[in-house]
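Per-entry structural report
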Amino acid sequence: MKKKAFSIAEALISLAIIGIAMGAAAPLISKSLKGTSVEASSKWFFTRNAANITRPAGNVGIGVSMNADPTAKLDVKSSTSNIPGLKLTVPSGITTNILEINKALQSVFSINNLGLTKTKGLEINYPDQSRGGINYLTTWKEGYTTGAATATNWRHILTRDGGLYVRNANDSTNAPLVVQNDDNENLLILRKDGSFSVGQREVGAGLNSYKMFLTARGSLNIVAPTREEAGGDDLEIRNDTRALSIRYPQDSDASIDCCKRIDGTHTIGDGVTETAFFNSNGSLYINSINMRSENDWAGHAIEVRTGVTPRAWINTDGQLVLRPKSTAKGDYALIIGKSQEEENNSTNAWIKKDGTAWFKGNVSVDGTIANADLDTKLAKVNKELTETKEVIALLKQQNELMQEKIVALETTLAAFQVQNHIAKNSENKLLGILK
């Protein structure tokens with residue numbers, strides 16, 4: 001059979017049919033491409049069923065539908081709850097950063113090959129309590145990355161209400177909290193044994209010490225500033241600087257403002273009253289504003305107690321009251337003696353609870369020796385006692401001589417008795433012969 005070629009008329013009819021078909025399909029193609037802005041040179045593409053990757057207006061969307069523009073340069077959305085929203089997998093032997101975010105040429109955030117993060121700054125904004133959200137930011141020890149904040153593996157917790165918790169590793173020698181300045185000097189240290197120290201200064205022969213140190217045993221050591229550091233304290237009557245100061249929060253009486261200087265000047269009515277302080281030289285100053293109690297006695301400025309029972313106190317008006325226990329040695333309330341450094345550190349005066357008093361020296365009243373007559377009498381008695389001692393010594397000597405004479409008399413008497421016995425025996429023998 002002989003093939004026939006297309007005629008010009010048939011060709012024109014075919015082109016017309018194809019044109020009509022193309023015109024009918026044009027609206028469908030335009031609708032399918034609406035909102036995608038896919039350029040001819042772009043390598044991004046989309047699939048009809050889920051629009052896995054879209055790139056309209058220069059942004060990239062993953063999991064973003066075809067008719068919705070990405071909200072960022074990279075917008076990742078996932079509607080599947082059991083897979084990660086974003087996962088980055090790198091080779092196991094990587095030695096560079098796993099993730100790095102730069103601003104211009106400077107890194108602002110990075111995660112290195114060990115999983116450690118580094119950032120130029122950190123800002124955490126917790127949502128309102130009514131809106132829910134995270135309650136705490138937690139770091140965990142190595143090998144433990146999840147769990148409740150009550151677990152035993154957390155290292156740091158920052159709570160939404162501002163609380164900060166730090167737990168140091170049991171096998172660590174580092175302090176859980178250290179604050180330093182730019183010169184690497186420790187300004188504050190909280191150690192794992194509970195000890196706490198603040199600041200550093202040189203003391204003694206240039207040795208370093210903490211300005212304040214609370215030991216793990218509970219003792220508190222304070223190294224006060226020098227007078228030069230405090231400024232102008234050489235004018236103070238106490239002539240040293242404060243090591244520990246207690247201030248009353250209300251300036252109730254200008255007459256008890258602290259502290260008066262040698263020249264008589266002091267600040268009045270400034271709202272600050274220093275009620276007590278220890279000086280660095282060991283002196284204690286008490287500026288008590290405890291006035292009078294219910295029994296009209298002045299308040300106690302210093303008080304010594306046995307349990308709840310006061311035993312000695314100094315009132316704010318200067319009164320000294322002593323009320324020792326019944327077990328006080330010698331029943332003394334007050335004892336005055338020489339210093340321990342003296343060879344004869346004997347007691348010079350004492351007062352007992354019953355009012356009995358003894359003074360080794362003279363007692364003067366209005367400048368007159370009140371016990372002058374007593375001293376004269378005691379001197380006379382002492383003289384008589386001395387003379388009596390001399391008489392006793394003489395009598396003792398005479399008694400010894402008398403005892404010697406008695407011994408000699410007893411010896412003579414014994415010899416006489418022997419002779420008398422011999423004479424009697426001789427007489428008896430003579431009479432026997434005569435008979």
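A quick note: this is a predicted structure, and the numbers were derived from the prediction, not measured. (Residues numbered from 1 in each chain as written. Predicted model: local features only at pLDDT ≥ 70, side-chain atom pairs only at ≥ 80, totals over all residues. Heavy atoms only, no water.)

1. A word on the overall build of the protein chain
Using the following cut-off: Only DSSP runs of H or I covering at least 4 residues are called helices, and only runs of E covering at least 2 are called strands; the numbering of each starts at the N terminus. Think of it in three bands: residues with accessible area under 20% of the maximum for their type are buried, residues over 50% are exposed, and the middle band is partly exposed, with areas taken using a 1.4 Å probe on protein chains only. For the accessible areas, the method is Shrake-Rupley and the probe is 1.4 Å, while residue cover comes only from the protein chains on display.
Scanning the protein chain from N- to C-terminus turns up three helices and 27 strands. The buried share of the protein chain, reckoned over its 435 residues, is 14%. Within the structure as shown, the protein chain displays about 34,300 Å² of accessible surface, and the carbon and sulfur contribution to it stands at 56%.

2. As for the layout of surface pockets
Spelled out, the test is: Using only the protein atoms, space was sampled on a 1 Å grid; points where a 1.4 Å probe fits but cannot get out form cavities, open sets with protein on both sides within 12 Å along at least five of seven lines form pockets, and lining residues are those with an atom within 4 Å of a point. Grid points are joined across faces, edges and corners, and a volume is the space filled by probe spheres set on the points. In this classification, Asp, Glu, Lys and Arg are treated as charged, Ala, Val, Leu, Ile, Met, Phe, Trp, Tyr, Cys and Pro as nonpolar, and every other residue, Gly included, as polar.
By volume, the largest pocket is sized at about 360 Å³. In this structure, the largest pocket is lined by ten residues; those nearest its centre are T117, L122, L137, T138 and T139. Elements with a contribution of two residues or more to the lining of the largest pocket: strand 6 (117-119) and strand 7 (136-140). Tallied by class, the residues present in the lining of the largest pocket amount to five nonpolar, four polar and one charged.

3. Examining the sheet that holds strand 10 (residues 177-180)
The criterion, for reference: Strand pairing is assigned whenever DSSP identifies at least 2 bridges connecting the two strands. Inter-axis angles, ranging from 0 to 180 degrees, are taken between N-to-C directions of lines fitted to C-alpha atoms, where helices are fitted over the stretch in contact.
What the five strands build is an open sheet, ordered 10-11-12-15-16; its pairing is antiparallel. The open sheet has two edge strands with one neighbour each: strand 10 and strand 16 (220-222). Between one strand axis and the next, the sheet turns through 5° on average, direction left out of account. Where strand 10 meets strand 11 (residues 186-190), four bridges bridge the pair, whose relative direction is antiparallel. Bridge assignment links V179 to a residue of strand 11, and that residue is L188.

4. Quick notes on the environment of V166
For the record, the criterion: The criterion used for residue contact is that any of the two residues' heavy atoms lie within 4.5 Å.
By the secondary structure assignment, V166 is in strand 9 (residues 164-166). Between the C-alpha atoms of V166 and P176, which are ten residues apart in sequence, the distance is 6.4 Å. Dropping the residues within four chain positions of it, V166 is found in contact with W154, R155, H156 and P176.

5. Points about the sheet that holds strand 19 (residues 284-286)
Spatially, 17-18-19 is the arrangement adopted by the three strands of the open sheet, whose pairing is antiparallel. Looking at which strands have only one partner, the edges of the open sheet turn out to be strand 17 (242-248) and strand 19. Neighbour-to-neighbour, the strand axes of the sheet open up by a mean angle of 15°, direction not taken into account. As paired strands, strand 17 and strand 18 (residues 273-279) are joined by six bridges and run antiparallel to one another. Note that in strand 18 the partner of I246 across the bridge is A276.

6. Focus on the pattern of salt bridges
Spelled out, the test is: Salt bridge, as used here, is a side-chain nitrogen of Lys or Arg placed within 4 Å of a carboxyl oxygen of Asp or Glu.
The tally for this structure, following the rule as stated, stands at two salt bridges. Between R305 and E303 there is a salt bridge whose closest N-O contact spans 2.1 Å. Here R305 falls in the partly exposed class, since its relative accessible area comes to 47%. Overall, E303 belongs to the partly exposed group, its relative accessible area being 28%.

7. Comments concerning the packing of aromatic side chains
Heads up, the condition is: Pairing of aromatic rings covers Phe, Tyr and the six-membered ring of Trp, with a centre-to-centre limit of 6.5 Å; geometry is then stacked below 30 degrees between planes, edge-to-face above 60, and tilted otherwise.
What the rule picks out here adds up to four aromatic pairs. Judged by centre distance (5.4 Å) and plane angle (45°), the rings of Y210 and F213 are tilted. Of the residues examined, Y210 reaches a relative accessible area of 24% and is grouped as partly exposed. Ring plane angle 50° and centroid distance 5.3 Å describe the contact between Y332 and W350, whose orientation is recorded as tilted.

8. Observations regarding unusual backbone geometry
Positive phi values are uncommon outside glycine, yet A104 reaches one of about 60°. Structurally, A104 is set in the loop between strand 4 (99-103) and strand 5 (106-111). The phi dihedral of N184 is positive, around 65°, even though this residue is not glycine. The topology assignment puts N184 in the loop between strand 10 and strand 11.

9. Topic: the environment of L114
Examined against the element boundaries, L114 turns out to sit in the loop between strand 5 and strand 6. Taking the C-alpha atoms as reference points, L114 and T96, separated by 18 residues in sequence, lie 9.5 Å from one another.

10. Quick look at the confidence of the model for the protein chain
Put simply, the rule is: Every residue is assigned a pLDDT by the predictor, reflecting its confidence on a scale from 0 to 100.
Looking at the protein chain as a whole, the pLDDT averages 76, with 72% of positions reaching at least 70. In this model, residues 33-43 is a region of pLDDT below 50 whose contacts with residues beyond four sequence positions or in other chains number 14 contacts.

11. Re the side chain of T215
Rules: Contacts described as polar in this section are N or O atom pairs within 3.5 Å, which, within protein, must combine one atom able to donate a hydrogen with one able to accept it, while residues neighboring in sequence count only if both atoms come from side chains.
Mapping T215 onto the fold places it in the loop between strand 15 (212-214) and strand 16. A polar atom in the side chain of T215 sits 2.7 Å from the side chain of S219.

12. Some points on the pairing of strand 11
Linking two consecutive strands that pair antiparallel, namely strand 10 and strand 11, is a turn of five residues; a positive phi of about 65° is found at N184 within it. Relative to strand 12 (residues 196-198), strand 11 runs antiparallel, the two sharing three bridges. Bridge pairing links L190 to F196 in strand 12. Hairpin remark: strand 11 followed by strand 12, antiparallel, with five residues in the connecting loop; positive phi at G194, about 95°.

13. Brief notes about the pairing of strand 20 (residues 300-306)
The pairing of strand 20 with strand 21 (residues 309-315) spans six bridges and is classified as antiparallel. Paired with R305 across the two strands is P310, which belongs to strand 21. In sequence, strand 20 turns back onto strand 21 through a hairpin of two residues, with G307 there showing a positive phi of about 70°.

14. Some details on the environment of P310
Secondary-structure assignment places P310 in strand 21. Owing to a relative accessible area of 26%, P310 belongs among the partly exposed residues under this scheme. Beyond its immediate chain neighbours, meaning those up to four positions away, P310 contacts E303, V304, R305 and R323.

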